[in-house]
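# Analysis of the macromolecular model
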Amino acid sequence: MPRVGDRTLFGGLAGLLVGSLVVLRFVDPRTATWTPPCPFHSLTGLHCFGCGSTRALNRLAHGDLLGAVDFNALLILALPFVAYGLARRLLPEPFARPRPMPPWQGWTVVGLVVAFGVLRNLDVPVLRALAP
Amino acid sequence: MPPQGVPLQRVENYLTAAILTTIFCCVPLGIVSIVYAAQVNGKVQAGDVHGAMECSQKAKNWATAAFVCGLIAGLMYMLLAVAANA
């Protein structure tokens, strides 16, 4: 496997995020026919933890924060942390302070993501708000 | 006892990248990356800098593989969808 530079990997992730926001500013995934749907939802009919992300980013690109939270609350909650982590790895020297995430934090995130994926499928009045 | 020359903060564990690529790109490949990334800090603390670097490299490679797979799958879907509607 070829060696990949840190800047390529983190830059690619940041580019994907920013690029998606720019494209989704002009494209509404609710009407567009070419934006990819969730394969998990297509197969099972259930909502996965990522379902609603495209629509959430579309709302966010229009400055509609509440609308974005409505489609995927966890994604919107995570975005500031993601942006901070990527910025710390991509900005030039005085701002670059990459601090690796401790494993317990990583597993906590994994647990939160799985819990979110389960909770948003439950047919309970309060939890129904988590579904896209 | 932290090993000399390589403080804990300096071995990137790629946990952030591993989680992001798991969620947004490709779950199976990303999970492998998370498993490797989660081992890096422990190995540094145990003084096994060589092992930590190895896990760090593997975590990065699997995260990159997940990223590329997700990107290709997404682009292929979009291409096919545009072609089907053309």
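In this report, we go over the structure that sits alongside the text. These figures come from a predicted structure and were not determined experimentally.

The rules behind each value
- Think of each chain on its own: its residues are numbered from 1, step by step along the sequence as written.
- Ligands are numbered from 1 and chains lettered from A, in the order in which they are written.
- A pLDDT threshold of at least 70 governs which residues receive local features in this predicted model, and a stricter bar of 80 or more applies before side-chain atom pairs are shown or counted, although totals over entire chains, interfaces and linings include all residues.
- Calculated side-chain values reflect all of the structure's heavy atoms, with hydrogen atoms and water omitted.
- For patch building, the residue pool is restricted to those with more than 30% relative accessible area and no salt bridge; the joining distance is 9 Å between like charges and 5 Å between nonpolar side chains (Val, Leu, Ile, Met, Phe, Trp, Tyr).
- For the accessible areas, the method is Shrake-Rupley and the probe is 1.4 Å, while residue cover comes only from the protein chains on display.
- The salt bridge criterion pairs a side-chain nitrogen of Lys or Arg with a carboxyl oxygen of Asp or Glu, the two atoms within 4 Å.
- Runs of E in the DSSP output that reach at least two residues are strands. Runs of H or I that reach at least four are helices, and both are numbered from the N terminus.
- Each residue after the first adds 1.5 Å to the expected span of a helix.
- The contact criterion used throughout is that any non-hydrogen atoms of two residues lie within 4.5 Å.
- Throughout this description, the term nonpolar core refers to a set of buried Ala, Val, Leu, Ile, Met, Phe, Trp, Tyr and Cys residues connected via side-chain atoms within 4.5 Å.
- Accessibility here uses a 1.4 Å probe with only protein chains present; expressed as a share of the type maximum, an area under 20% marks a residue as buried, one over 50% as exposed, and anything in between as partly exposed.
- What gets called buried area is simply the loss in accessible area from a 1.4 Å probe that two parts show on being joined, summed for both.
- The definition of a polar contact used here is a pair of N or O atoms within 3.5 Å, where within protein one atom must be able to donate a hydrogen and the other to accept one, and adjacent residues in sequence count solely through side-chain atom pairs.
- Whether two aromatic rings pair depends on their centres lying within 6.5 Å, for rings of Phe, Tyr and Trp, where Trp uses its six-membered ring; planes under 30 degrees apart make the pair stacked, over 60 edge-to-face, and the rest tilted.
- Ring-over charges, as used throughout, are those where CZ of Arg or NZ of Lys falls within 6 Å of the ring centre and within 35 degrees of the ring normal.

Before going further, it helps to examine a nonpolar patch on the surface. Nonpolar side chains collect at one region of the surface, where A:Val114, A:Val118, A:Leu119, A:Leu122 and A:Val124 lie side by side and expose about 370 Å² of accessible area between them. Position of A:Val118 among the secondary structure elements: in helix α6 (residues 103–119).

To continue, consider helix α1 (residues 6–26) of chain A. Side chains that are three or four residues apart share a direction in an α-helix, a result of its 3.6 residues per turn. Its 21 residues give α1(A) an end-to-end C-alpha distance of 31 Å, which sits within 8% of 30 Å, the value for a rise of 1.5 Å per residue. Those residues of α1(A) hidden inside the fold are in contact with α3 (53–61) and α5 (73–90) of chain A together with α1 (15–24) and α3 (49–85) of chain B.

Membership of the largest hydrophobic core comes to 23 residues, with the highest contact counts inside it found for A:Phe10, A:Leu13, A:Leu86, B:Leu15 and B:Ala17. Those elements that place two or more of their residues in this core are α1 and α5 of chain A together with α1, α2 (27–45) and α3 of chain B. Core analysis: the next-biggest nonpolar cluster, separate from the first, contains eight residues, A:Leu57, A:Leu75, A:Ile76 and A:Leu79 among them.

Listed per partner, the contact involves 32 residues of chain A and 31 residues of chain B. Between chain A and chain B lies a buried interface of about 2800 Å² when both sides are counted; carbon and sulfur atoms form 75% of it. For the chain A face of the interface with chain B, the top three residues by lost area are A:Leu9, A:Trp34 and A:Pro100, together amounting to 19%. Taken together, the links from chain A to chain B amount to two salt bridges. When the shortest N-O distance is used, the salt bridge between B:Lys60 and A:Asp6 registers 3.0 Å. Inspection of the chain A/chain B interface yields four residue pairs in polar contact (both at pLDDT 80 or more). Among the elements of the structure, α1, α5 and α6 of chain A are those that each provide at least two residues to the side of chain A that touches chain B.

By the definition in use, this model includes one aromatic pair over all chains. When the centroid spacing of 5.9 Å and the interplanar angle of 15° are considered together, the rings of A:Phe10 and B:Tyr14 count as stacked. Residue A:Phe10 is found in helix α1, and its partner B:Tyr14 is found in the segment before α1; the two belong to separate chains. B:Tyr14 carries the same exposure label as A:Phe10, and that label is buried. Seen from the ring of A:Phe10, A:Arg89 lies directly overhead, with NZ or CZ sitting 5.3 Å from the centre.

Keep in mind these values describe shape, not function.
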